[in-house]
Amino acid sequence: MELSQFLQNVLNGLAIGSVYAIFALGYTLVFSILGIINFAHGAVFTLGAYFTYTLVVGQFENNGLLKGINLFPNGSPLSGNPAVFALATLIGAVVAGLVAVLIERLAFRPMRARGAEPLLALVSSLGVALVIVNLIQLLVGAEIYNFPSDAYGQVQPALSFHIGDRVVIVRTVQLIIFAVSLVMLAVLGYVIGRTKVGKALRAVAENPGTASLLGISVDRFILITFFLSGFLGGLAGTLVGTAFGVAGPYFGVTYGLKGLAVIVLGGLGSIPGAVVGGLVIGLAEAFVPAQYSAYKDAVAFALLFVILLVRPQGLLGRAQIQKV
Amino acid sequence: MSGFLEQYGFLIVTMVQAGLLGLSLYFPLQAGQLSLASPGFYALGGYVAAIMLTNPAFSGLRDTLGNGMFPLTWLVAALLCGLLGLFVGVPALRLRGIYLALATIAFVEILRVVSLNLAVTGGAIGIFGIPQAFGFQDRWQYLWLFGPLLLLTLLFARQLERSRVGRAFRAIREDELAADAMGVPPTRYKVLAFVIGAVLAGIVGAMSAPFLNTWNAKQGTFDASIAILAFVLIGGSRNIWGPVVGGALLTAIPEVLRFLADWRLIINGLVLVVASLYLPQGIVGALQGVRRPPPPRRPPSVPAVVEAPGGGA
């Protein structure tokens, strides 16, 4: 492979891989505390993208109950200016986080209070996902909505540089996605590793019973976890939406499933694992040769099987000893 | 009577079919393993039947066997799905916890992507014009296939529960480590339970391909995995009637709710949430619970944590 092609693949892989990473972190946070997978995470991802789109554009012209309604008759105040677009993205992610909190209150907490089987929490979170996805479809239809091309301001759509006589092209959106993801990872790493909230979260993850004896309100920190998880999921949704368009109510499903491969690859419940897993899968997909590109969506799941065979605890997970 | 069957025959057969798919997930659950692979094996079984019944490569065999071709497709589907079940189950079932669920989600997705891209499975369009089994004229006649299969499966499940193997499944479900210590090899029995489910889903698929006339990659999706899981958990996962009741009910509900039009799927999702909250033992479990005292509750506010892989309490 030529150097220019190689670099191009690496750049593409890192950009999408970093989104996989922050999305999958949402799974990991909840898993490390509750030991269950929140299957509504993909739906929260979709919601984040739609929330931001609503703030920026404010109308859905194609279909659904909201058709013909224009939230901002004089144009959205949150459009055109990159700083304001960042604000819209932030609000979208916060609202997605609040939805995740709502999901925890409605679908997960009642289960815990009843001491129900963890499997049932899976089903109820899937039920929530079904409700969210179909509600979106009912409101705005199944069509693709594209963010305005000047969402990030008047920037060049792509940068290119030369290696020998070959050209490597980086879309500006990819650079922004990568940068935002890195910043998010750094912030999250700081919050979990260095702050009091993070310490409490880690304590709850280690042992909820002991944590509550030590005066940590377990339910409150579970809410915080869900908020962080939903925030990251919603942010990932907006980022992917700006790069590829908001591709209908079901566009979170593929990411939801790939996110599962990411966390298994990195190691269930491991935060650095989710990052490494996301980047590895992003890179692996970018290096799929063009003639096999139809199989690209299977790469993440093939890697999942490989890791189960050779290193079941995941790349960065710790092997645990069976105790009675 | 014939009018009734003509109008509702398709729905009734679909309800029985759903019950069977629910049972295919019930077997691994007997050994405490959550599998979401049923749609994958169902799709594979259907593709096997569709290819054997339409592909020119098999025309000689079809001419020789005549109607005998249909049972042959069931057999081939069962064998292939069983083998693939071993292949998928062994790596995932060495581990404890949620790994089988995740591996089976991956399996269903891989199978879907592959069948979308292969020429032999008809790509995105799928396979058309699959002949009706045994020259059936009406859809309800498929009850003659699915009905006996359901009965046989229920009998098999009942006998299995009373056998040494069934006791081993339950021992593993209750406490894998203790079962291991008592000389019950967990991996072997977990794989066995998974393969039984795979074979059943494959046969149901092979019977369904002629029933549906066409077969494509939409038969085996993550959505289908969820639907089947819901059949079992809402019907009741601790009793053989649970998946049957759940499958039949959840298949019928969308039909009954048809007047809700666009709100139908939303209501469906709400049903899942509410049922998992208020019917944790499933419908059949709740009916039994009327006679039995409820199980002791775990202390509130401590989250129920799934055991980490290889970890213990």
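Presented here is a report on the structure given in the accompanying data block. Remember, predicted model here, so these are calculated numbers, not experimental data.

## Some words on the overall build of chain B
Then, number 1: When helices and strands are counted, chain B shows 13 helices and zero strands.
Then, number 2: In terms of overall size, chain B behaves like a compact globule, its C-alpha atoms giving a radius of gyration of 20 Å where 313 residues would be expected to give roughly 20 Å.
Then, number 3: Seen through its principal axes, chain B has C-alpha atoms that stretch 60 × 45 × 35 Å.
Then, number 4: Expressed as a percentage of the 313 residues in chain B, the buried residues total 50%.
Then, number 5: Sequence separation of 24 or more characterises 81% of the internal contacts of chain B that already satisfy a separation of 6 or more.

## Regarding the overall build of chain A
Then, number 1: Counting secondary structure elements, chain A contains eleven helices and four strands.
Then, number 2: Its C-alpha atoms give chain A a radius of gyration of 20 Å, near enough to 20 Å, the size a compact globule of 324 residues would have.
Then, number 3: Here the C-alpha coordinates of chain A stretch approximately 60 × 50 × 35 Å along the principal axes.
Then, number 4: Looking at chain A as a whole, 49% of its 324 residues qualify as buried.
Then, number 5: A fraction of 76% describes how many contacts in chain A between residues 6 or more apart in sequence connect residues 24 or more apart.

## Some details on unusual backbone geometry
Residues and elements named next belong to chain B.
Then, number 1: Phi is positive for F134, which is not a glycine, with a value near 50°.
Then, number 2: Mapped onto the elements of the fold, F134 is located in the loop between α5 (99-117) and α6 (143-162).
Then, number 3: Of note, the phi angle at N213 is positive, near 75°, even though the residue is not glycine.
Then, number 4: Examined against the element boundaries, N213 turns out to sit in the loop between α9 (186-212) and α10 (222-235).

## So, the interface of chain B and chain A
Then, number 1: Every contact between the two is made by 46 residues of chain B and, on the other side, 53 residues of chain A.
Then, number 2: Elements that contribute at least two residues to the side of chain B that touches chain A include exactly α4 (69-93), α5, α10 and α12 (264-278) of chain B.
Then, number 3: The element contributing the most residues to the side of chain B that touches chain A is α5 of chain B, with ten residues.
Then, number 4: Each residue belonging to the side of chain B that touches chain A can be placed in one class, and the counts come to 34 nonpolar, eight polar and four charged.

Thresholds applied
Residues numbered from 1 in each chain as written. Chains lettered and ligands numbered in written order. Predicted model: local features only at pLDDT ≥ 70, side-chain atom pairs only at ≥ 80, totals over all residues. Helix = DSSP H or I, 4+ residues; strand = E, 2+ residues; numbered from the N terminus. Rg over C-alpha atoms; globule rule 2.2 N^0.38 Å. Buried ≥ 20, exposed ≤ 12 C-beta atoms within 10 Å, placed from the backbone. Contact = placed C-beta atoms within 7 Å. Nonpolar A, V, L, I, M, F, W, Y, C, P; charged D, E, K, R; others polar.

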